[in-house]
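Spelled out from the first residue to the last, the chains are:
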Amino acid sequence: MMITKEAKEYHDRMFPGYVSELYTTDPEFVERFDNFAFDEVVNHDDLDDQTRMMAILASLIGCQGIDEFKVMVPAALNLGVSSIEVKEIVYQATAYLGIGRVFPYLKAVNEILVDRDFELPLASQANTEADTRLEKGEQAQIDIFGEGMRGFAESGTEETKHINKWLTDNCFGDYYTRTGLDYKMREMITFCLLSAQGGCEPQLTAHAAANMRIGNDKLFLINIVSQCLPFIGYPRSLNAISCIENAAE
């Protein structure tokens, strides 16, 4: 089995001293996957480790890869992602996947952090109160999507306008306003959550455009998709690329 020097070095940085049982049971698979994911893909661009690992964690939540998520959270922590950043990724995922799909990830992160001697709860990142979440949520929408979002919470038909209000006060007011991650990282995470779960192409295109608007340019997003491809596969990655192209137009 020929694991490249570069793949082995990156694997050792993620998992110091760990040898997977797959080296024994599935050596041919490990050779191909590790050489691809941890050499060819990792060395394709100049993304820093923290950004790469946060994108991968968000994508694993999006595609519901709980077992791989449990493996990659310690790797992310080893490569410089903070415990707060990991928690914020999971919290924000609730707005895009719902608690039914996010709860196992919250539980997994807590177990990993406790095992690594972090004291829970972590420091509060909340930045709104019940009487400010709507106003601050709207400001977050405006900051990210533009002035056209002003008044969005009051828009829509009589039957559905409450959803727009919830998007403002809950999705943006409760999550995007939190400290721990800035808008650029939150939009990148949202892009990964949407691209990995599939079936959200209209929203994915809108968030690709929002990413570009606040500084995550087209090449950055393509690089993000490239780094997540080994974890979510080609169909959803190619769909994400199409959404980026459409948003860029």
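Residues numbered from 1 in each chain as written. Predicted model: local features only at pLDDT ≥ 70, side-chain atom pairs only at ≥ 80, totals over all residues. Heavy atoms only, no water.

Engineer: How do you make sense of the overall build of the protein when you look at a structure like this?
Structural biologist: Secondary structure assignment for the protein yields 13 helices and zero strands. Seen in sequence order, the protein has helices and strands lined up from the N terminus as α-α-α-α-α-α-α-α-α-α-α-α-α. In terms of overall size, the protein behaves like a compact globule, its C-alpha atoms giving a radius of gyration of 19 Å where 249 residues would be expected to give roughly 18 Å. When the backbone C-alpha atoms are referred to their principal axes, the protein occupies close to 60 × 45 × 30 Å. Residues classed as buried in the protein amount to 47% of the 249 residues present. Looking at the protein alone, contacts between residues at least 24 apart form 73% of all its contacts between residues at least 6 apart. Element-wise, carbon and sulfur atoms account for 53% of the exposed surface of the protein, whose accessible area totals about 12,200 Å². (Helix = DSSP H or I, 4+ residues; strand = E, 2+ residues; numbered from the N terminus. Rg over C-alpha atoms; globule rule 2.2 N^0.38 Å. Buried < 20%, exposed > 50% of the residue type's maximum accessible area, 1.4 Å probe, protein only. Contact = heavy atoms within 4.5 Å. Areas by Shrake-Rupley, 256 points an atom, 1.4 Å probe, with all protein chains shown as cover.)

Engineer: Would you explain the packing of aromatic side chains in this entry?
Structural biologist: Here the distance between the centres and the angle between the planes together describe a pair of aromatic rings. Counting across every chain of the model gives eight aromatic pairs. A ring pair is formed by F33 and F38, whose centres lie 5.9 Å apart and whose planes are at 85°; its orientation type is edge-to-face. Between F69 and Y105, the aromatic rings sit 5.0 Å apart at their centres with planes inclined by 80°, giving edge-to-face as the arrangement. With F69 in helix α5 (residues 66-78) and Y105 in helix α7 (residues 99-115), this residue pair connects regions lying 36 residues apart in the sequence. (Phe/Tyr/Trp six-rings, centres within 6.5 Å; stacked < 30°, edge-to-face > 60°.)

Engineer: Just checking my understanding: could you explain the packing of helix α12 (residues 218-232) against helix α13 (residues 234-248) for this structure?
Structural biologist: For any two helices packed against each other, one specifies the inter-axial angle together with the distance between the axes. Interaxial distance between α12 and α13 falls to 9 Å at its minimum, and their mutual angle equals 170°. With respect to their mutual orientation, α12 and α13 come out roughly antiparallel. Between α12 and α13, the contacting residues are K218, L221, I222, V225, L229 and I232 on the first element and Y234, R236, S237, A240, I241, I244, E245 and A248 on the second. For the contact of α12 with α13, a count of residues per class yields 10 nonpolar, one polar and three charged. (Axes fitted to C-alpha atoms, helices over the stretch in contact; angles between N-to-C directions. Parallel < 35°, antiparallel > 145°, perpendicular 65-115°, else oblique. Nonpolar A, V, L, I, M, F, W, Y, C, P; charged D, E, K, R; others polar.)

Engineer: I tried to follow the side chain of R186 on my own but got confused; where do I start?
Structural biologist: Counting through the fold element by element, R186 comes out in helix α10 (residues 183-197). At 2.8 Å, the side chain of R186 forms a polar contact with the side chain of E88. Excluding its chain neighbours within four sequence positions, the residues that come into contact with R186 are E88, Q92, Y175, Y176, R178, T179 and L181. (Polar contact = N/O pair within 3.5 Å; in protein donor to acceptor, adjacent residues only side chain to side chain.)

Engineer: Looking at this structure, I do not really get the pattern of salt bridges. What am I missing?
Structural biologist: Note on pairing: side chains with opposite charge can pair once their charged atoms come close. One pass over the full model with this rule turns up 11 salt bridges. Here E88 and R178 are joined by a salt bridge, their closest N and O atoms 2.8 Å apart. One end of the pair, E88, is in helix α6 (residues 83-97); the other, R178, is in the loop between α9 (161-176) and α10, and 90 residues separate them in sequence. Look at E88 and you get buried, because its relative accessible area is 2%. In this structure, a network of salt bridges that share partners links the residues R133, K165, D169 and D174. (Salt bridge = Lys/Arg side-chain N within 4 Å of Asp/Glu carboxyl O.)

Engineer: Is there a simple way to explain a nonpolar patch on the surface in this structure?
Structural biologist: A surface patch of nonpolar side chains, about 280 Å² in accessible area, is lined by I163, W166 and L167. By the secondary structure assignment, I163 is in helix α9. (Patch = residues over 30% accessible without salt bridge, like charges linked within 9 Å, V, L, I, M, F, W, Y side chains within 5 Å.)

Engineer: Can you help me understand unusual backbone geometry in this one?
Structural biologist: With the exception of glycine, the majority of residues adopt a negative phi angle, and the majority of peptide bonds are in the trans configuration. Note the cis peptide between L120 and P121, where omega equals 0°. Along the polypeptide, P121 turns up in the loop between α7 and α8 (133-145). Backbone geometry places D117, a non-glycine residue, at a positive phi of 70°. Within the secondary structure, D117 sits in the loop between α7 and α8. You can call D117 exposed: its relative accessible area is 70%.

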